[in-house]
Amino acid sequence: MAIHFDQSGFELAPEQLDTLQRIFDRICFETRIPRQDIRAGRLAKFLMDEFRFGNTDELALTECGRWFCRRTSPTRRIQSEQQPTSMLH
């Protein structure tokens, strides 16, 4: 069994890499984020960090990745910036 290391030196087995790649690809497809986009890089780092911290369940990690993309969505930020900060004028 080959062991791979990410940039931080964290050990990853081939099946772990496959799982992370599958989750990354699924979320990029669902959110229409191009794999070369800076947001994809942020997602990849987020997924790796979550995995490194012990979140290794594929379903849970997928949901966390989806949450991360919703939270960092440019559309969501623009909408929240356009809403009034106070109901009193």
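Keep in mind that what you see is a predicted model, and the values were worked out from it rather than measured.

## Quick look at the environment of Phe-10
No. 1: Looking at where Phe-10 falls in the secondary structure, it is placed in the loop between strand E1 (4-5) and strand E2 (11-12).
No. 2: The spacing of Phe-10 and Arg-52 is 42 residues in sequence and 7.4 Å in space, taken between C-alpha atoms.

## Points about the side chain of Asp-49
No. 1: Residue placement: Asp-49 occurs in helix H2 (residues 38-52).
No. 2: Here Asp-49 falls in the buried class, since its relative accessible area comes to 19%.
No. 3: Polar side-chain contacts of Asp-49 include one of 2.7 Å to the side chain of Arg-52.

## Side note on the pattern of salt bridges
No. 1: For the coordinates displayed, the defined rule picks out eight salt bridges.
No. 2: Notably, a salt bridge pairs Asp-25 with Arg-35, separated by 3.6 Å at the nearest N-O pair. With Asp-25 in helix H1 (residues 14-31) and Arg-35 in the loop between H1 and H2, the pair connects residues that are ten residues apart, well separated along the chain.
No. 3: Overall, the relative accessible area of 49% leaves Arg-35 in the partly exposed class.
No. 4: In this structure, Arg-52 and Asp-49 form a salt bridge, with 2.7 Å as the shortest nitrogen-oxygen distance. Here Arg-52 pairs with Asp-49, and both are found in helix H2, just three residues apart, close to one helical turn.
No. 5: Here the salt bridges share partners, and the residues they tie into one network are Arg-22, Arg-26 and Glu-58.

What counts and what doesn't
Residues numbered from 1 in each chain as written. Predicted model: local features only at pLDDT ≥ 70, side-chain atom pairs only at ≥ 80, totals over all residues. Heavy atoms only, no water. Helix = DSSP H or I, 4+ residues; strand = E, 2+ residues; numbered from the N terminus. Buried < 20%, exposed > 50% of the residue type's maximum accessible area, 1.4 Å probe, protein only. Polar contact = N/O pair within 3.5 Å; in protein donor to acceptor, adjacent residues only side chain to side chain. Salt bridge = Lys/Arg side-chain N within 4 Å of Asp/Glu carboxyl O.

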